[in-house]
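Here is what each chain is made of, one letter per residue.
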Amino acid sequence: MKPQPTDLEWAQGQVPTPYDALEVRWAQDTDDGEFRMEVVSPAGTSGEVWVPLASATQTISLASSGATWLRRDGNYDVYRVGAGSFEFTSAPVTFASLEILVAAFSTDADVTSGLIDKLEAAAAAKKPPIRSNIIDAFTAQVGVQTGKALTPEQAQLLVTLAVALR
């Protein structure tokens, strides 16, 4: 599933499969850069869902449980799904949404906690230079965890999105 929303505000449809219909509904608000999509895939199926992004460097996508983030490909985040109902959103990155992504990506609870602590401190920083220094510390810690608690692709995305929050 790879929607190409252009100027449409919403769309929905079904595609027949040998197992049952694949259902998709999506809506976007171009004023605030938000995109929401629901996908219902029938039993016995699996595949990729491509979630459109308003910006490859300043937009974050989040998915309901059961969907696995694979990669960022241009202005899309690509997820693997099996059978079931899935919800996806994309919107401009915030500290809170980046915390959710860290929790979804990290395989080590201590790493997750340390990264989220840095994001919370950066969000609370009133002065831009202090926020920038904390974001630098966050990105450095992400770099240390590349290949450990984070895949290289996950680490690169976290760094890209953190830089957008400066």
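Calculation rules
Every chain is numbered on its own, with residues counted from 1 as its sequence reads. Whole-chain, interface and lining totals are the exception, using all residues; otherwise, since this is a predicted model, local features are given only for residues with pLDDT of at least 70 and side-chain atom pairs are given and counted only at 80 or more. Only heavy atoms go into the side-chain values, all of them from the structure, while hydrogens and water stay out. Strands are runs of DSSP state E lasting at least two residues, helices are runs of H or I lasting at least four, and both sets are numbered from the N terminus onward. Radius of gyration here uses only the C-alpha atoms, and the compact-globule reference equals 2.2 Å multiplied by the residue count raised to the power 0.38. Throughout this description, buried means an accessible area under 20% of the type-specific maximum (1.4 Å probe, protein chains only), exposed means over 50%, and partly exposed covers the range between. Only heavy atoms enter the contact rule, under which two residues are in contact if any of them lie within 4.5 Å. All accessible-area figures derive from a Shrake-Rupley calculation using a 1.4 Å probe, and residue coverage is judged against the displayed protein chains alone. Here, a strand pair is defined by DSSP locating no fewer than two bridges between the strands. Helix axes use the C-alpha atoms of the stretch in contact, all axes being lines fitted to C-alpha atoms, and the angles between their N-to-C directions lie in the range 0 to 180 degrees. Put simply, a nonpolar core is a bunch of buried Ala, Val, Leu, Ile, Met, Phe, Trp, Tyr and Cys residues held in one set by side-chain atoms that sit within 4.5 Å of each other. Salt bridge, as used here: a side-chain nitrogen of Lys or Arg that lies within 4 Å of a carboxyl oxygen of Asp or Glu. Roughly parallel means an angle under 35 degrees; roughly antiparallel means over 145; roughly perpendicular covers 65 to 115; every other angle is labelled oblique. Each residue is assigned to one of three groups, with Ala, Val, Leu, Ile, Met, Phe, Trp, Tyr, Cys and Pro labelled nonpolar, Asp, Glu, Lys and Arg labelled charged, and all others, Gly among them, labelled polar.

(A) The arrangement of the overall build of the chain in detail. Tallying secondary structure elements over the chain gives four helices and eight strands in all. Scaling as 2.2 N^0.38, a compact globule of 166 residues should have a C-alpha radius of gyration of about 15 Å, and the chain matches this with 17 Å. Over its C-alpha atoms, taken along the principal directions, the chain stretches across nearly 55 × 35 × 20 Å. A total of 166 residues make up the chain; the buried ones form 40% of that total. Taking the intrachain contacts of the chain between residues at least 6 apart in sequence as the baseline, contacts between residues at least 24 apart amount to 53%. Carbon and sulfur atoms form 52% of the exposed surface of the chain, whose accessible area is close to 8800 Å².

(B) Here's a closer look at the sheet that holds strand β3 (residues 34–41). In spatial order, the strands read β1-β2-β3-β8-β5; together these five strands make up an open sheet with antiparallel pairing. Among the strands making up the open sheet, the edge pair consists of β1 (10–16) and β5 (59–63). Taking each pair of neighbouring strands and ignoring which way they run, the sheet shows an average axis angle of 10°. Alignment of strand β2 (residues 21–29) against β3, held across seven bridges, turns out to be antiparallel.

(C) Just the nonpolar core, in detail. If you look at the biggest cluster of nonpolar residues, it comprises 39 residues, and the most contacted ones within it are Met-37, Phe-88, Leu-98, Leu-101, Phe-138 and Leu-158. The contact partners of Met-37, leaving out residues within four places of it in the chain, are Met-1, Pro-3, Val-24, Arg-25, Trp-26, Val-49, Trp-50, Val-51, Phe-86, Glu-87 and Phe-88.

(D) Local environment of the pattern of salt bridges. Going through the model one piece at a time under the given rule, you end up with five salt bridges. Asp-136 is the salt-bridge partner of Arg-166, the closest N and O atoms lying 2.1 Å from each other. Of this pair, Arg-166 sits in the segment after α4 (152–164) while Asp-136 sits in helix α3 (residues 128–145); the two residues are 30 residues apart in sequence, bridging distant segments of the chain. The class of Arg-166 is partly exposed, set by a relative accessible area of 42%. Under the relative-accessibility criterion, Asp-136 is labelled partly exposed at 34%.

(E) Broad picture of the packing of helix α1 (residues 95–105) against α4. Running from N to C, α1 and α4 point in directions that differ by 170°, and their axes come no closer than 11 Å. One way to sum up the angle between α1 and α4 is to call them roughly antiparallel. Residue-level inspection shows Leu-98, Leu-101, Val-102 and Phe-105 of α1 in contact with α4, the latter providing Gln-154, Leu-157, Leu-158, Leu-161 and Ala-162. Looking at side-chain class alone, the contact of α1 with α4 contains eight nonpolar, one polar and no charged residues.

As far as function goes, none of this settles anything; it's purely spatial.
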